[in-house]
Amino acid sequence: MIEDIELEALINDVYEYYGFDFGSYSRASLKRRVSRVFYLDGFKHFHEFLSKVRTDPEYCKRMIDEITVNVTEMFRDPSFYMTLRKDILPLLGTKPFIRIWHAGCSTGEEVYSMAIMLKELGLLHKSILYATDINAAVLETAKSGIFPLRMIKDYADNYRDSGGQEDFSDYYIANYGYAKFSEDLSEKMVFSQHNLVSDTSFNEFDLILCRNVLIYFDNNLQKRVVNLFDDSLAVLGFLALGTKETIKYSISPTKYKQFEREKIWRKIKE
Amino acid sequence: MEENKRIIKDCKVVIIGGSAGSLQVLLQILPFIENPISFAIVIVVHRKQSDEQTLEALLALKSQVKVIDVEDKVALKPGFIYIAPSNYHLLFEKEKTLSLDTSEKINYSRPTIDVSFESAAEIYGSALVGILLSGSNSDGTIGMKAIQNAGGITVVQNPVSAEMSFMPNNAILHTQPDYVLNTEEILAFIKEINPD
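Residues numbered from 1 in each chain as written. Chains lettered and ligands numbered in written order. Predicted model: local features only at pLDDT ≥ 70, side-chain atom pairs only at ≥ 80, totals over all residues. Heavy atoms only, no water.

*Asks:* Help me understand the interface of chain A and chain B, please; the structure alone is not making it clear to me.
*Replies:* How big an interface is tends to be stated in terms of accessible area lost as the parts join. Taken together, the 31 residues of chain A in the interface contact 28 residues of chain B. Together, the buried faces of chain A and chain B total about 2200 Å²; carbon and sulfur atoms form 40% of this surface. Seen at the junction of chain A and chain B, the total is 6 salt bridges. Two residues, A:Arg32 and B:Asp101, come together in a salt bridge whose shortest N-O distance is 3.6 Å. (Contact = heavy atoms within 4.5 Å. Buried area = accessible area lost by both parts, 1.4 Å probe. Salt bridge = Lys/Arg side-chain N within 4 Å of Asp/Glu carboxyl O.)

Take a look at the structure:
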């Protein structure tokens, strides 16, 4: 494991040289992630690693892509998706137009899950799905809609457990160990790089999903990001977080009402 | 192991790791720990992804010490039991909070005992006691080493009393645990931590 002081030196340099601010990331996880890249790339001394990051922008980009956690899956936490399908999306379906933001979308599995549900509910044609991430490489994967075939069995199980009743295999074509999802699903998706640490609100949404992203941030940054979501959410819109995340340390509880016991909150006033 | 028995004081956290066969052991220990305790107990066990809340519910029902439902950045305080949620790695922050991480599974597991033990050792050093229970893989050994290196105390369940002996055996083989104890002895050991 690298030392605390080394981690702080790296955070400083990455900010100073490239403007990416990891200063408010949770240290325990960040330290593990940086150590992982350090050893993975065969460095022996931290100053060599630091100097590589400083002098080689391509390498710094790779390092950032590697330290951000990009583990995701389709229909992760089926009961959460069941609630979206049965309660939240039908409510939004009464609107003429549905705007959804997947913040920290990683490789896009959750965005495709959403598109599948919207399609089955007859709502996809009037929806738009913005999907953003700090990491440009994962956005390319997300755009392609191509996911490893070995995961598909789990995804099909999740899909069924979340209330899906169609034949899941109708949504993709399997080839060379990969599943390519139908372009009907991605038609309404817009992918773009966005950094929750430093970028601002860019639209108004009816539903914002940001699942298992805030866990990597300290309390101050969590506060900033939840307020960014608040600024980006229409009144009566919904904010959905990961199953172990909460807004209770971040924003006035009178503004939001939790939806049953799910990690979904409705904005009840401006 | 009476010969090296010593009084453990100034303990802030007792972290317990286990896999297959560890639930029964926990159920023979936790319900018999009396309130109040002067340290926090953190439990990291391998569990099915679908097992969302059943372990918390079961232990909350049986135990006198209050079980906290771990959410990201929850404060880690003496007097409570914390259980690592399924499908996340559990980490310790300097601010004395617990944080979560969804990065890749390690040893086919998330949570991983090694990850939580290493992280706890870093923050709590000699104020940490690590206990490793029954299990059928090698997770936990690296974590036990980290606890020892940081000056903490390590306890391994006696493999003879473990339903699955691989995990405790592996830790005994690769580290020199301070204590190797059977279930009742582990309970007695915990009760004697931080005497008045």
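*Asks:* So what exactly am I meant to see when it comes to the packing of aromatic side chains here?
*Replies:* Any pair of aromatic rings gets described here by the distance separating the centres and the angle formed by the planes. The final tally for this structure, using the stated rule, is 31 aromatic pairs over all chains. Ring geometry for A:Phe75 and A:Tyr81: centres 5.2 Å apart, planes at 65 degrees, overall edge-to-face. Ring centres 5.2 Å apart and planes at 90 degrees place the aromatic pair A:Phe80 and A:Tyr81 in the edge-to-face group. Three or more aromatic residues link up through ring pairs in this structure, and these residues are A:Phe75, A:Phe80, A:Tyr81, A:Tyr112, A:Phe147, A:Tyr159, A:Phe168, A:Tyr171, A:Tyr172 and A:Phe181. Positioned over the ring face of B:Tyr88 is A:Arg76, at 5.6 Å from the centre of the ring. The aromatic ring of A:Phe80 is capped on one face by A:Arg211, whose charged end is 3.7 Å from the ring centroid. (Phe/Tyr/Trp six-rings, centres within 6.5 Å; stacked < 30°, edge-to-face > 60°. Lys NZ or Arg CZ within 6 Å of the ring centre and 35° of its normal.)

*Asks:* Help me understand helix α5 (residues 166-174) of chain B, please; the structure alone is not making it clear to me.
*Replies:* Counting along an α-helix, one turn takes 3.6 residues, and residues three or four places apart therefore face a common direction. Along α5(B), the positions that sit buried rather than exposed are B:Met167, B:Pro168, B:Asn170 and B:Ala171. For α5(B), the angular spread of buried residues about the axis comes to 160 degrees, placing them on one side. (Buried < 20%, exposed > 50% of the residue type's maximum accessible area, 1.4 Å probe, protein only. Helix = DSSP H or I, 4+ residues; strand = E, 2+ residues; numbered from the N terminus. Arc of directions from axis to C-beta.)

*Asks:* Where do I start with the sheet that holds strand β5 (residues 178-181) of chain A in this structure?
*Replies:* Residues and elements named next belong to chain A. Strand order in this open sheet of 3 strands is β3-β5-β4, and the pairing throughout is antiparallel. Each edge of the open sheet carries a strand with a single partner, namely β3 (146-148) and β4 (172-175). Each neighbouring strand pair of the sheet contributes to a mean axis angle of 25 degrees, computed without reference to strand direction. As paired elements, β4 and β5 share 4 bridges and run antiparallel to each other. Bridged to Tyr172 within β5 is Phe181. (Pairing = 2+ DSSP bridges. Axes fitted to C-alpha atoms, helices over the stretch in contact; angles between N-to-C directions.)

*Asks:* Would you explain the UniProt feature "active site" (unreviewed entry) in chain B in this entry?
*Replies:* Residue and element names in this part refer to chain B. The UniProt entry lists Ser19, His46 and Asp139 under the feature "active site" (unreviewed entry), expressed in the numbering used here. With the annotated positions falling across 121 residues, the maximum pairwise C-alpha distance of 9.7 Å places them together in a single cluster. Structurally, His46 can be placed in the loop between β2 (40-45) and α2 (54-62). What His46 contacts, discounting residues up to four positions off in sequence, is Gly18, Ser19, Ser109, Pro111, Ile113, Asn137, Asp139 and Met167. A distance of 2.9 Å separates a polar atom in the side chain of His46 from a polar atom in the side chain of Ser19. In this fold, Asp139 is placed in the loop between β8 (128-132) and α4 (141-149). Setting aside residues no more than four positions away along its own chain, Asp139 makes contact with His46, Asn107, Thr112, Ile113, Asp114, Leu132 and Met167. At a separation of 3.2 Å, a polar atom in the side chain of Asp139 contacts the side chain of Asn107. (UniProt positions renumbered as here; feature names shortened; annotations may be inferred. Polar contact = N/O pair within 3.5 Å; in protein donor to acceptor, adjacent residues only side chain to side chain.)

*Asks:* Hey, could you run me through the UniProt feature "domain: CheR-type methyltransferase" (unreviewed entry) in chain A in this one?
*Replies:* Residues annotated in UniProt with the feature "domain: CheR-type methyltransferase" (unreviewed entry) correspond here to residues 1-247 of chain A. Each end of residues 1-247 of chain A is marked by a C-alpha atom, and these two atoms are 32 Å apart; helix forms 46% of the span and strand 18%.

*Asks:* Can you help me understand the nonpolar core in this one?
*Replies:* Across soluble globular proteins, you tend to see nonpolar side chains buried next to one another. Residues and elements named next belong to chain A. Core analysis: the biggest nonpolar cluster contains 77 residues, and Phe49, Met63 and Leu196 have the highest contact counts within it. A domain split of this core shows at least three residues from each of domain 1 (4-67) and domain 2 (78-267). Apart from residues no more than four positions distant in its own chain, Leu196 is found in contact with Trp101, Ala103, Cys210, Val213, Phe217, Arg224, Val225, Leu228 and Phe229. Core analysis: the next-biggest nonpolar cluster, separate from the first, contains 43 residues, Cys105, Tyr112, Met114 and Ala156 among them. (Core = buried A, V, L, I, M, F, W, Y, C linked by side-chain atoms within 4.5 Å. Domains from an automatic or database assignment.)

*Asks:* When you look at the sheet that holds strand β6 (residues 189-193) of chain A in this model, what are you seeing that I'm missing?
*Replies:* Hydrogen bonds along the backbone pair up the strands of a sheet, which may run parallel or antiparallel. Residues and elements named next belong to chain A. Taken in spatial order, the 7 strands of this open sheet run β6-β2-β1-β7-β8-β10-β9, and their pairing is mixed. Both edges of this open sheet fall to β6 and β9 (256-258), since each of them pairs with a single strand only. The sheet shows a mean angle of 20 degrees between the axes of neighbouring strands, direction not considered. The pairing of strand β7 (residues 205-210) with strand β8 (residues 233-241) spans 5 bridges and is parallel. Across the sheet, residue Leu207 finds its bridge partner in β8, namely Phe238. Against the sheet, helix α6 (residues 109-120) makes contact with β1 (98-103), β2 (127-133), β6 and β7, and its axis sits at roughly 170 degrees relative to β2, the strand it touches most. Relative to the sheet, helix α10 (residues 219-231) contacts β1, β7, β8, β9 and β10 (264-267), its axis offset from that of β8 by approximately 140 degrees.

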